[in-house]
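Letter by letter, the chains look like this.
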Amino acid sequence: MSDRNPATGPVVEGPHDPEHDPTASYALDRAYVADLTHRLVATSGRTEEVRSPIGDQPLAHIPQSTDADVEEAFRRARVAQGSWARTPLDVRADALLRLHDLVLDRQAEIIDLICLESGKARKHAFDEPLHIALTARYYARTAHEHLDSRRVRGVFPLLTRVEVNRLPKGVVGVISPWNYPFTMALCDGLPALLAGNAVVAKPDAQTILSGLFAAALLEEAGFPADLWQVVAGPGPEVGPAVVRRADHVCFTGSTATGRQVAQGCAERLIGCSLELGGKNPILVLRDADLERAAEGAVRAAFSNAGQLCVSMERMFVADQVYDRFLERFVARTEAMTLGATLDWGNDMGSLVSRRQLEVVTAHVDDAVAKGARVLTGGRPRPDLGPFFYEPTILEGVTPDMTCFGQETFGPVVSAYRFHDEADAVARANDGEYGLNASIYSRDGGRARSLARQIRCGTVNVNEAFAATFASIEAPMGGMRSSGLGRRQGSEGVLRFTETQSVATQRVTRVAPAHGLSDQTWGKAMTLSLRALKKLGRA
Ligand code: NAD
């Protein structure tokens, strides 16, 4: 049962008759939608319809932003940022703690919106308010640790006092995808706000209401109204308009678009952090607990119907346990409950769109046509929803098949045998990506030592992805074509700051003084360098 509260929630409760009630065919109350969309800076007069993957029902008409609207959003954000940067750090951190409570209190409403916009199962939507609560608490509680000015060693002990300040960059552009529409719109922006920045957010068009709801919660938590602007419109138009104006860009999405964003940032000499695609490997070693590995593999491959940047699409299993593991993994996959509804109880929901369904279908059909075997799944399920696809396990996938190296971003995983671990690591490192990996073994020490050989930004031992993802102190991001920079941890907040060193020189100057010639000064400096080294100074 859903824990929705129809009295305060957004969902239109039936029965409705389209002939007499204009909202009948809409899944969301129109006044509720208008309350969210009024936050957009969007004056074009154009709107775009958003439909839910659950039953392809219309959800809302979204006003679209022009280039001038993006300009206006940045203007407002810059004004708000000026006074926000002067607001004491503790006040900023307190707002994050209030946000923590709000997302937990309002989780039913958040989850309803996420499910309606993305079609995912309720239990996977729950991960989003959970991730925001974890992120808000972590950054609020560690604010001083990351952002306080700190003293560092000066060139002359006692005579040179140096402090390093962390200044906000200004206005950060956050461009986010549809797959985790609430947390991806919000999680990077929270440390940006804490560091004294403002944000202009451009959520994906399919899931913009979740992004707007995030903005509403920030205001309710006490962040100044203009500090977080939201713009809407086609990615290839509005995305570059954000990149042209931001002081730092935080992009989450495909590697292809990430490269374009990086080029735009390079031209302006601004920083960017890019969280991109993956073709993530899971390794099941011969000493793995097979039940535990099979349970983890289901979550690794099929969470959010595989539309998760850190989900696993390649599975390398030790020869000695391959058959026993696959038997368990297939059985658990076949026991999953599938459904596109708002209630708890589904193990997997719908894909987000027809486009995703077409990609998934094309990858599986291509593999099967070239000789891959389907161990389970392998079919769209229109009986469950227009964009539904079964969780699918393939075997016998070869390099000529699209799904061998390309990201499917759907519920499709390929199983491969390996004979020795060095070979498994080499195959895991194959390809252009390097986002996330998982290793199952009873020997934690050996698994951790293998982890260091894997070229991925995160490696989970005896867990699919959640151990690193939910450990907010641990930096998260991709190596190689999976990204640039890291979210979470100190790197996740310091990227939104400019480092400024302020040195105050006392008594003597850093140049010849007291009548010394340049030559004598050179000799004195040489002596002092040797002495400082002997004293063990860095
Ligand atoms: P996408 O690159 O098409 O879109 C992502 C965002 O970029 C959207 O808001 C879109 O409107 C915008 N956009 C589109 N064109 C743009 C342009 N030219 N300039 C600026 N912005 C533009 O990606 P998608 O298909 O929506 O998302 C799926 C991809 O995202 C997958 O590859 C997945 O692996 C990746 N992803 C990565 C992470 C991570 O943390 N590494 C998380 C979620 C998703």
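Residues numbered from 1 in each chain as written. Predicted model: local features only at pLDDT ≥ 70, side-chain atom pairs only at ≥ 80, totals over all residues. Heavy atoms only, no water.

Opposite charge on two side chains makes pairing possible when the charged atoms of those side chains draw close. As enumerated under the stated definition, the model contains 35 salt bridges in all. Its salt-bridge partner being Glu 128, residue Lys 120 comes within 2.6 Å of it at the nearest N-O pair. Taken as a pair, Lys 120 and Glu 128 share a single burial class, namely buried. When the shortest N-O distance is used, the salt bridge between Asp 323 and Arg 417 registers 3.2 Å. Of this pair, Asp 323 sits in helix H13 (residues 322–334) while Arg 417 sits in strand S14 (residues 412–418); the two residues are 94 residues apart in sequence, bridging distant segments of the chain. We classify Arg 417 as partly exposed; its relative accessible area is 35%. The network of salt bridges with shared partners includes Arg 286, Asp 287, Glu 421, Asp 443 and Arg 446. (Salt bridge = Lys/Arg side-chain N within 4 Å of Asp/Glu carboxyl O. Buried < 20%, exposed > 50% of the residue type's maximum accessible area, 1.4 Å probe, protein only. Helix = DSSP H or I, 4+ residues; strand = E, 2+ residues; numbered from the N terminus.)

What follows deals with unusual backbone geometry. Of note, Leu 158 is a non-glycine position whose phi angle comes to about 70 degrees, a positive value. With respect to the element layout, Leu 158 can be found in the loop between strand S3 (150–152) and strand S4 (160–168). On the basis of relative accessibility, which here comes to 75%, the residue Leu 158 falls in the exposed class. The phi dihedral of Leu 269 falls on the positive side, at around 55 degrees, and the residue is not glycine. Of note, Leu 269 is situated in the loop between helix H11 (255–268) and strand S9 (271–275).

What follows is about the confidence of the model for the protein. Predicted confidence across the protein gives a mean pLDDT of 94, with 95% of residues reaching 70 or more. For the stretch residues 14–18, pLDDT sits under 50, and the model shows five contacts to residues farther than four places along the chain or on other chains. (pLDDT = per-residue confidence, 0-100. Contact = heavy atoms within 4.5 Å.)

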